[in-house]
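So the chains spell out like this:
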Amino acid sequence: MYDCIIFDVDGTLIDTEAAVLGSLKKFLAEKGCTVPVDENLRFALGIPGKDALLKLGIQDTEEGCRIWNEYMKEFMDDVHPFQGTREVLAELKSKGIRTGIVTSKTRQELQDDFVPFGLMDQLDVVVCADDTEKHKPCPEPLLKFLEISGADPARSIYIGDTMYDAECASDAHVDFGLALWGAPSPDQVKIAAHRLKHPSDITSLV
């Protein structure tokens, strides 16, 4: 069905929700800000950190992201690949399926949070927040991926966990697969060609 599988990172390949929200709450507390409950911070999952900080009223986003990323390192014990992720990526590779990621992480954040898990050699193309001017839910990152990879949008699917991912895929004219195993608010995602319960379900798409 598909010969190119494109993944989001946070909430799709690796579970970072507790670490992202925990480090963000620590940052806000250190800044003397009112710290919202997790439910009111989940909007920050799936968009670049600077965009999340702006929504929270933090104007110096460069310094804010630097500190937030430092705090994130304190929560890395809470970060891990979702069960089955390694096996699925290896199987896709063995079948000759093109794979890659489109993420709102910067290159440095990807290096810090994702590379240590040893999954990069299973991925053919990587598009980070540094690579485009606009970010999800804008389709520009996914269009950049298609440009670099030469993948056919009609035979590609983007798998992610948020409405930002779904909107990005829709506007890029690429099918979307909702990663239910990591989705913080699955009921908010109305546009999905596939609703996937477990990473192993991905192998049925190729």
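Note that the coordinates shown come from a computational prediction; the quantities given were computed from them, not determined experimentally.

A. Region of interest: the side chain of K136. Locating K136 in the fold gives a position in the loop between strand 5 (125–127) and helix 6 (140–149). Within polar-contact distance, the side chain of K136 engages the side chain of D8 at 3.0 Å. There is a polar contact of 3.0 Å between the side chain of K136 and the side chain of Y158. Excluding anything up to four places from it in sequence, K136 contacts D8, G46, I47, V102, T103, S104, P141, Y158, Y164, D165 and C168.

B. Spatial organisation of the pairing of strand 1 (residues 4–7). Side-chain alternation along strand 1 places C4 and I6 on one buried face and I5 and F7 on a second face that is also buried. With 4 bridges connecting them, strand 1 and strand 6 (residues 156–160) associate as parallel partners. Note on strand 6: the bridge partner recorded for F7 is I159.

C. Representation of the packing of aromatic side chains within the structure. Summed over the entire model, instances satisfying the criterion amount to 1 aromatic pair. Directly above the ring of Y71 sits K26, whose terminal nitrogen or CZ lies 4.6 Å from the centroid.

D. Quick peek at the packing of helix 1 (residues 17–30) against helix 3 (residues 61–73). Running from N to C, helix 1 and helix 3 point in directions that differ by 125°, and their axes come no closer than 8 Å. As far as their axial angle goes, helix 3 and helix 1 are oblique. Where helix 1 crosses over helix 3, the handedness of that crossing is right-handed. Here A19, V20, S23, L24, K26, F27 and E30 of helix 1 lie close against helix 3, whose contacting residues are G64, I67, W68, Y71 and M72. Partitioned by chemical class, the residues of the contact of helix 1 with helix 3 number 8 nonpolar, 2 polar and 2 charged.

E. Representation of unusual backbone geometry. In the segment running from K136 into P137, the intervening peptide bond is cis, with an omega of 15°. One non-glycine residue, H173, adopts positive backbone phi at about 60°. Its location among the elements puts H173 in the loop between helix 7 (163–171) and strand 7 (175–179). For H173, a relative accessible area of 67% gives the class exposed.

The rules we used
Residues numbered from 1 in each chain as written. Predicted model: local features only at pLDDT ≥ 70, side-chain atom pairs only at ≥ 80, totals over all residues. Heavy atoms only, no water. Helix = DSSP H or I, 4+ residues; strand = E, 2+ residues; numbered from the N terminus. Polar contact = N/O pair within 3.5 Å; in protein donor to acceptor, adjacent residues only side chain to side chain. Contact = heavy atoms within 4.5 Å. Buried < 20%, exposed > 50% of the residue type's maximum accessible area, 1.4 Å probe, protein only. Pairing = 2+ DSSP bridges. Phe/Tyr/Trp six-rings, centres within 6.5 Å; stacked < 30°, edge-to-face > 60°. Lys NZ or Arg CZ within 6 Å of the ring centre and 35° of its normal. Axes fitted to C-alpha atoms, helices over the stretch in contact; angles between N-to-C directions. Parallel < 35°, antiparallel > 145°, perpendicular 65-115°, else oblique. Left-handed = near helix turned anticlockwise from the far one by under 90°. Nonpolar A, V, L, I, M, F, W, Y, C, P; charged D, E, K, R; others polar.

So yeah, pure geometry; function would need other evidence.
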